[in-house]
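# Examination of the molecular architecture
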Amino acid sequence: MSESVKVFAPGSVSNVGCGFDILGFAIDGVGDEMVVSKNDKKKIVIAPVNGYENLPTDPKKNVAGVAIQALLDDLKSNQGFDVEIVKNIKPGSGIGSSAASAAGAVVAVNELLGNPYSRMELVDFAMKGEEVASGDVHADNAAPATLGGFCLIRGYNPLDVIHIQPPKDLWCVVIHPQIEIKTKESRELLSPEVSMKKAIRQWGNVAGLMSGLYTSNYELIGRSLEDHIVEPQRKVLIPEFDELKLSVMEAGALGCSISGSGPSVFALAEGKDSADVIATAMDTAYRKTELDYKIYVSKVSDGGVRVL
Ligand code: HSE
């Protein structure tokens with residue numbers, strides 16, 4: 001059994017418009033790299049993350065540390081691990097930075113321990129890591145980062161995750177304005193009440209999106225990408241959100257909404273050519289702002305954390 005393992009942990013888009021806290025998908029090409037090694041100290045040791053000195057190295061406060069500890073507690077093991085994280089996803093981006101670290105950590109540790117858990121079982125531990133970052137339990141980034149593809153969280157108690165393979169020509173474009181929005185704060189501004197009228201529209205869209213994904217009906221996927229509950233409350237956090245969304249839809253996107261708790265905004269597209277046109281529209285729309293931003297064009301990935 002090896003003593004050290006390197007993994008790639010992908011970014012992810014959660015909520016996917018209508019599915020606040022219950023839907024997410026993994027993206028290709030954007031993600032963190034981690035090296036996890038066994039140590040003899042019976043302790044989890046997290047190395048300072050280059051470029052992100054404010055990220056905690058205390059394993060009780062670091063998402064990777066908490067996720068690993070949850071796995072070790074379940075296994076009743078006191079094995080120690082050294083964890084190095086190379087962060088390519090900025091924290092507070094809305095594309096699953098903390099979930100990537102938590103998922104990468106548990107997949108790596110599981111590998112080093114001879115894979116006592118299935119990927120599906122690992123989601124629970126990754127989710128516990130996520131909890132320290134957002135102050136709340138949600139698996140809509142942790143599940144797709146661990147498993148890949150689309151994930152529907154049917155229930156949390158007990159955790160019931162349904163993995164859905166993405167339609168083969170489904171692409172995603174994400175714009176990441178380089179401002180930080182803390183998930184905890186972005187959650188705190190949401191009203192705890194939802195009107196029956198809005199709830200009815202929302203669950204219609206969730207069901208429509210599921211049906212569209214299973215039947216590769218791109219038009220239905222697009223039609224269902226509406227969020228009547230969270231997007232209207234959170235869009236004030238994202239500069240020029242309405243203008244950006246309008247340009248993206250005019251450029252042919254299937255749909256567009258906030259990625260996770262923002263500030264990233266994602267659009268879905270059928271095929272790479274369409275995704276490239278949308279990326280250009282995003283670029284043109286956002287160039288007018290004073291903000292720095294990054295744009296990612298990626299296939300919706302069916303792969304979760306990869307052991308390198
Ligand atoms: N579903 C969570 C939220 C994801 O929107 O707050 C956070 O990344």
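The rules we used
- Residues numbered from 1 in each chain as written.
- Predicted model: local features only at pLDDT ≥ 70, side-chain atom pairs only at ≥ 80, totals over all residues.
- Heavy atoms only, no water.
- Near = heavy atom within 4 Å.
- Polar contact = N/O pair within 3.5 Å; in protein donor to acceptor, adjacent residues only side chain to side chain.
- Areas by Shrake-Rupley, 256 points an atom, 1.4 Å probe, with all protein chains shown as cover.
- Nonpolar A, V, L, I, M, F, W, Y, C, P; charged D, E, K, R; others polar.
- Domains from an automatic or database assignment.
- Pairing = 2+ DSSP bridges.
- Helix = DSSP H or I, 4+ residues; strand = E, 2+ residues; numbered from the N terminus.
- Contact = heavy atoms within 4.5 Å.
- Buried area = accessible area lost by both parts, 1.4 Å probe.
- Phe/Tyr/Trp six-rings, centres within 6.5 Å; stacked < 30°, edge-to-face > 60°.
- Buried < 20%, exposed > 50% of the residue type's maximum accessible area, 1.4 Å probe, protein only.
- Expected span 1.5 Å × (residues − 1).
- Arc of directions from axis to C-beta.
- Core = buried A, V, L, I, M, F, W, Y, C linked by side-chain atoms within 4.5 Å.

## With respect to the site of the ligand
Residues in contact with the ligand, as listed here, are S14, N15, F20, D21, H138, D140, N141, T183, R187, R234, G260 and S261. In the environment of the ligand, an oxygen atom lies 2.6 Å from a nitrogen or oxygen atom belonging to the side chain of R187. At 2.8 Å from an oxygen atom of the ligand is found a side-chain nitrogen or oxygen belonging to R234. Considering the ligand on its own, with 260 Å² of exposed area, one finds that the protein chains cover 96% of that surface. For the shell around the ligand, a count of residues per class yields one nonpolar, seven polar and four charged. Residue contributions to the shell around the ligand reach at least three from each of two domains, namely domain 1 (4-164) and domain 2 (170-301).

## Topic: the pairing of strand β8 (residues 255-258)
Pairing between β8 and strand β9 (residues 265-270): four bridges, direction antiparallel. Within β9, the residue paired with G255 across the bridge is L268. Two successive antiparallel strands, β8 and β9, enclose a turn made up of six residues, where G260 displays a positive phi of approximately 55°.

## Thoughts on the domain arrangement of the chain
Taken domain by domain, the chain holds domain 1 (4-164) and domain 2 (170-301). In this structure, domain 1 and domain 2 have C-alpha centres spaced 23 Å apart. In this complex, domain 1 contributes 33 residues to the contact, which on the side of domain 2 involves 40 residues. Of the roughly 2700 Å² buried where domain 1 meets domain 2, counting both sides, 65% is carbon and sulfur surface.

## Brief notes about the packing of aromatic side chains
The way to describe two aromatic rings as a pair is by their centre distance and the angle between their planes. Under the definition given, this model contains four aromatic pairs. Between F25 and F150, the ring centres sit 5.0 Å apart and the planes meet at 45°, which makes this aromatic pair tilted. Of the two residues, F25 is situated in strand β2 (residues 23-39) and F150 in strand β5 (residues 150-156); the sequence distance between them amounts to 125 residues. Accessibility expressed as a relative area gives 0% for F25, which makes it buried. Assessed through its relative accessible area of 0%, F150 is described here as buried. Among the aromatic residues, ring-to-ring pairing joins F25, F150 and F266 into one connected group.

## Looking at helix α10 (residues 272-287)
Between its terminal C-alpha atoms α10 stretches 22 Å, which fits the 22 Å expected from 16 residues at 1.5 Å a residue. Turning to α10, its buried residues number three or more, namely S274, A275, I278, A279, A281, M282, A285 and Y286. The buried side chains of α10 occupy one side of the element, clustering within an arc of 165° when seen end-on. Across from the buried face of α10, at angles greater than 90 degrees, the exposed residues are D273, T280 and R287.

## Some points on the nonpolar core
Counting 62 residues, the largest nonpolar core has F25, C172, F266 and L268 as its most contacted members. Broken down by element, the residue count for this core peaks at 10 residues, all from helix α2 (residues 97-112). For this core, the domains that each give at least three residues are domain 1 (4-164) and domain 2 (170-301). Other than its neighbours up to four places away in sequence, F25 contacts G11, S12, V13, V16, P144, G149, F150, C172, F266, L268 and V300.

## Quick look at unusual backbone geometry
Along the chain, N157 connects to P158 via a cis peptide bond; the corresponding omega equals 5°. Structurally, P158 can be placed in the loop between β5 and β6 (159-164). Cis geometry is adopted by the peptide bond preceding P263, which originates at G262 and carries an omega value of 5°. In this fold, P263 is placed in the loop between β8 and β9. Even without glycine at this site, N15 takes up a positive phi of about 75°. For N15, the location among the structural elements is in the loop between β1 (4-14) and β2. On the accessibility criterion, N15 (5% relative accessible area) is buried. With phi around 50°, V16 is a residue other than glycine that occupies positive phi space.

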